[in-house]
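The chain contents come next:
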Amino acid sequence: MIFDKLERHLKHTPFSHITDSVYGGRISNQMICHGCGKVRERIETFYTVSLEVRNMKSLYDSFEKSIAGETIDDYFCDECKKKNSITKRGCIEYLPNVMIVHLQRIVFDLDTLMNQKINSRLEFPFELNMEPYTKEGLEWREKAKKKKEKAEAQNDGADAKGGEDKAQETMDEPSAE
């Protein structure tokens, strides 16, 4: 609301884009098909990052939850032309110069039909490393995870083959009876 007011009042001045240049970041809303791996994304400007506080120990935990996304079943993928599960998530594409973090300390309780305040402790680091929550950071983590899984699969295959060779050698050896 304050940004709308600022933009309206600064519209025809040399400072018309000050809110975007100082507080504006870009978020990439991604939909990733589990069948073909196609990533569809939509870029949006944001001025605040809203983070969940309930059951979180630190600000990093809240950021992890925000980028984890959710799985949606029976989504029709335009790329592979069939229904698959997709992961829908949001990650930061461009960080603002000044980032405003909104902590969701008020949640609606469906049992009492009232708002409830979350008073639990949430740890803040002295320096905030945002790289793991950016689009590039997520892509790097996913590539590293795939490399690790591929290496483990190759090692498992080599171990299984090594075990088969050893079993064959044991069967070929004459028994000492």
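Residues numbered from 1 in each chain as written. Predicted model: local features only at pLDDT ≥ 70, side-chain atom pairs only at ≥ 80, totals over all residues. Heavy atoms only, no water.

(A) Region of the structure containing the overall build of the chain. Looking only at helices and strands, the chain has four helices and eight strands in total. Across the chain, helices and strands are ordered from the amino to the carboxyl terminus as α-α-β-β-β-α-β-β-β-β-β-α. Here the chain holds 177 residues, and the buried ones make up 21% of them. In the chain, the share of contacts with a sequence separation of at least 24, taken over all contacts with a separation of at least 6, comes to 59%. Working note: accessible area of the chain is about 13,500 Å², and carbon and sulfur atoms make up 52% of it. (Helix = DSSP H or I, 4+ residues; strand = E, 2+ residues; numbered from the N terminus. Buried < 20%, exposed > 50% of the residue type's maximum accessible area, 1.4 Å probe, protein only. Contact = heavy atoms within 4.5 Å. Areas by Shrake-Rupley, 256 points an atom, 1.4 Å probe, with all protein chains shown as cover.)

(B) Expanded view of the side chain of Asp109. Within the secondary structure layout, Asp109 lies in strand E7 (residues 106–109). Among buried charged residues, Asp109 stands out as having no salt bridge; its nearest opposite-charge side chain is Arg54, 6.4 Å away. For Asp109, the side chain forms a polar contact with the side chain of Thr112, separated by 3.5 Å. Apart from residues lying up to four places away in sequence, Asp109 is in contact with Met114 and Gln116. (Lys, Arg positive; Asp, Glu negative; His and termini not counted. Salt bridge = Lys/Arg side-chain N within 4 Å of Asp/Glu carboxyl O. Polar contact = N/O pair within 3.5 Å; in protein donor to acceptor, adjacent residues only side chain to side chain.)

(C) Main features of the nonpolar core. By size, the foremost hydrophobic cluster in this structure holds 16 residues, and its most contacted members are Val49, Leu51, Leu59, Phe63, Leu122, Met130 and Tyr133. Sort the elements by how many residues they give to this core and helix H3 (residues 59–68) lands first, with three residues. Discounting residues that sit within four places of it in the chain, Val49 has contacts with Phe63, Met99, Ile100, Val101 and His102. (Core = buried A, V, L, I, M, F, W, Y, C linked by side-chain atoms within 4.5 Å.)

(D) Seen up close, the pairing of E7. What you see with E7 is a clean split: Val107 and Asp109 sit on the buried side and Ile106 and Phe108 on the side with no burial. Here four bridges tie E7 to strand E8 (residues 114–117), and the two strands are oriented antiparallel to one another. The residue of E8 that forms the bridge with Ile106 is Lys117. The turn linking E7 back onto E8 is made up of four residues, and Leu113 within it adopts a positive phi angle of 55°. (Pairing = 2+ DSSP bridges.)

(E) Representation of the confidence of the model for the chain within the structure. Of all residues in the chain, 88% have pLDDT values of 70 or greater, and the mean over the chain is 85. The low-confidence segment residues 166–177, where pLDDT is below 50, has zero contacts with residues more than four positions distant or belonging to other chains. (pLDDT = per-residue confidence, 0-100.)

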